[in-house]
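A look at the structure
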Amino acid sequence: MLAVPAHAADCGGFPQLEVATPPGFCAAVVADGFKFPRGIQPLPNGDIVIVDMRNWEPGRGSIWLLKPSGGKYDRLRLLGGLDRPNGITLGPDGLLYVGLVHRIIRFDPRKPEVVEDVIGGQSGVAPLPGLGRHLLTTMRFNAQGDLYVNVGSASDHCEDEKGNAPLPSQRCAEAEGPQALGVIRKYKMRWPQGMVASWENYASGLRNSMALALHPVSGALWQADNGRDAIQAAMPKLANDNELPHDELNLVRRGANYGWPYCYDDNRASPEYPSAVCLKYEAPLRLLPAHAAPLGMTFYTAARYPALYKNSLIIGFHGYRDHGHRLVALLPDNKGQPLGKMVELIGDWSHKDKQGMGAPVDIKQGPDGNVYLVEDRTGRVVRLQYTAQAPR
């Protein structure tokens, strides 16, 4: 049931969030009542698929179909009993691919009773690590049909299970070798079967790659990295970590190492590794606000929004701290890379009467040219729509 405050304004026939948006935009709540939604996938026919993790307990997740009907969305449960489902994407075969802990599955939303394992489970492909602090799975297909998969680090900054800092003289075991964590794996797929032919650690030194997107022109993989926490514990002169370290925007290159946990920000040595030679690591192309926690992003390719936003990178800042709970667009620079001006698309998303603070997770562009997102703090599905006529 969609909870509508009595004072709610209208946004395309749905309740409007009380937030700040640029002129001509509004943010509509098209569905709510989910427990802990983490993934969203609009379908070509206008349906929307929602991944609801429910909570952090194993085996409680579900997948739902929202179907437009008479100015609202009917809700149908497709799958249940899933182990912490998070990422979802549409495959080259038109099937839905969903990331669970240790596994990636696929199914046809018209026949959800037929579920196949792609990685882990009964697939014959080794399961994903799914360890420690960052065990959730996000993935994206490139234009060739190969699959990029996030394998997050098990720790914050390579501390041990008791929270003790690593020895500066030793390499971080979890960040090294063929089974390294803090990497993006690339799975070479065999089509039309949709089977894994082989895989590699495509890039490493990335603490947690929840936000991934393929550039619509170059096809390049971009990643927004979630920076570490509690750096002030190792930096006595730092009063707090509100502005340090920054989260990062990286252009992902095959074989590159981005420095986690040895370096942070613009290749500064981490306090636990003061002798690290950071010049050998790939530096971020853009620093994002500290603890913004980017958990989802997409390039905007439609024509519904003003031309200013064409090929911009739209990112959700999930974090509960100062720089989180908002949606931004990174405009393209003169080379088409998302390194231009940052524009706030949804701001002032704080606690208000009958409206909790926003915490956006997955973000996708819909077939109608609007942007859809889920946010896990209040369990809402939000559509950012442009209501004015888009200028040419």
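Keep in mind that this is a model prediction, so the values were computed, not measured. (Residues numbered from 1 in each chain as written. Predicted model: local features only at pLDDT ≥ 70, side-chain atom pairs only at ≥ 80, totals over all residues. Heavy atoms only, no water.)

**Describing the pairing of strand E26 (residues 360–365)**
E26 sits mainly inside the fold: five of its six residues count as buried. Counting the residues that bridge the hairpin from E26 to strand E27 (residues 371–375) gives five residues, and of these Gly369 lies at a positive phi of roughly 85°. (Buried < 20%, exposed > 50% of the residue type's maximum accessible area, 1.4 Å probe, protein only. Helix = DSSP H or I, 4+ residues; strand = E, 2+ residues; numbered from the N terminus. Pairing = 2+ DSSP bridges.)

**Remarks on the UniProt feature "domain: Glucose/Sorbosone dehydrogenase" (unreviewed entry) in the protein chain**
The UniProt record annotates "domain: Glucose/Sorbosone dehydrogenase" (unreviewed entry) at residues 197–383. Split by type, residues 197–383 is 0% helix and 37% strand. Its first and last C-alpha atoms lie 37 Å apart. (UniProt positions renumbered as here; feature names shortened; annotations may be inferred.)

**As for the pairing of strand E24 (residues 326–330)**
Burial within E24 is extensive, with five of its five residues counted as buried. Burial along E24 is two-sided: Arg326, Val328 and Leu330 facing one way and Leu327 and Ala329 facing the other are all buried. Direction of pairing for strand E23 (residues 313–317) relative to E24: antiparallel, over a ladder of five bridges. Bridge pairing in E24 links Leu313 to Leu330.

**Quick word on the side chain of Thr137**
On the secondary structure map, Thr137 appears in the loop between strand E11 (111–119) and strand E12 (139–141). Within polar-contact distance, the side chain of Thr137 engages the backbone oxygen of Leu100 at 2.9 Å. With residues up to four places along the chain from it excluded, the contact list for Thr137 reads Asn86, Gly87, Gly99, Leu100, Ile104, Leu128 and Val149. (Polar contact = N/O pair within 3.5 Å; in protein donor to acceptor, adjacent residues only side chain to side chain. Contact = heavy atoms within 4.5 Å.)

**Structural notes on the environment of Pro216**
Inspection of the secondary structure puts Pro216 in the loop between strand E16 (211–214) and strand E17 (221–225). The exposure class assigned to Pro216 is partly exposed, which follows from its relative accessible area of 37%. In this structure the C-alpha to C-alpha distance between Pro216 and Met297, which are 81 residues apart in sequence, comes to 13 Å. Those residues in contact with Pro216, other than ones at most four positions away along the chain, are Phe299, Thr301 and Asn311.

**Examining the side chain of Glu248**
Within the fold, Glu248 resides in strand E18 (residues 246–252). Put simply, Glu248 is tucked away with no salt bridge, and the nearest opposite charge, on Arg268, sits 9.6 Å away. Here the side chain of Glu248 touches Asn250 through a polar contact of 3.3 Å, side chain to side chain. Residues in contact with Glu248, not counting those within four places in the same chain, are Gln223, Ala224, Asp225, Tyr264, Asp265, Pro284, Arg286, Leu287 and Leu288. (Lys, Arg positive; Asp, Glu negative; His and termini not counted. Salt bridge = Lys/Arg side-chain N within 4 Å of Asp/Glu carboxyl O.)

**Considering unusual backbone geometry**
Excluding glycine, residues mostly carry a negative phi; peptide bonds, for their part, are mostly trans. Between Trp191 and Pro192 the backbone carries a cis peptide bond, its omega angle lying at 10°. Here Pro192 lies in the loop between strand E14 (183–190) and strand E15 (195–204). Although it is not a glycine, Cys158 adopts a positive phi angle of roughly 75°. Checked against the element boundaries, Cys158 lands in the loop between strand E13 (147–151) and E14. Looking at Cys158, the relative accessible area reads 13%, which means it is buried. The residue Ala230 is not glycine, and still its phi comes out positive at about 55°. One can find Ala230 in the loop between E17 and E18.

**Focus: the state of the cysteines**
Tallied over the full model, the rule gives three disulfides. In this model Cys11 forms its disulfide with Cys26; the gap between the sulfur atoms is 2.0 Å. Note on the Cys11 and Cys26 pair: the S-S dihedral is about 80°, so by sign convention the disulfide is right-handed. With a gap of 15 residues between them, Cys11 in strand E1 (residues 10–11) and Cys26 in strand E3 (residues 25–31) connect regions that are remote in the sequence. (Disulfide = S-S within 2.5 Å.)

**Digging into the sheet that holds E14**
Within the open sheet, the four strands sit side by side as E12-E13-E14-E15. Their pairing is antiparallel. One side of each edge strand has no neighbouring strand; the edge strands of this open sheet are E12 and E15. The mean angle between the axes of side-by-side strands here comes to 20°, regardless of whether they run parallel or antiparallel. As judged from the five bridges shared by E13 and E14, these two strands associate in the antiparallel manner. By the bridge assignment for E14, Val151 is matched with Val183. (Axes fitted to C-alpha atoms, helices over the stretch in contact; angles between N-to-C directions.)

**Here's the deal with the environment of Leu135**
Its location among the elements puts Leu135 in the loop between E11 and E12. For Leu135, a relative accessible area of 12% corresponds to the buried category.

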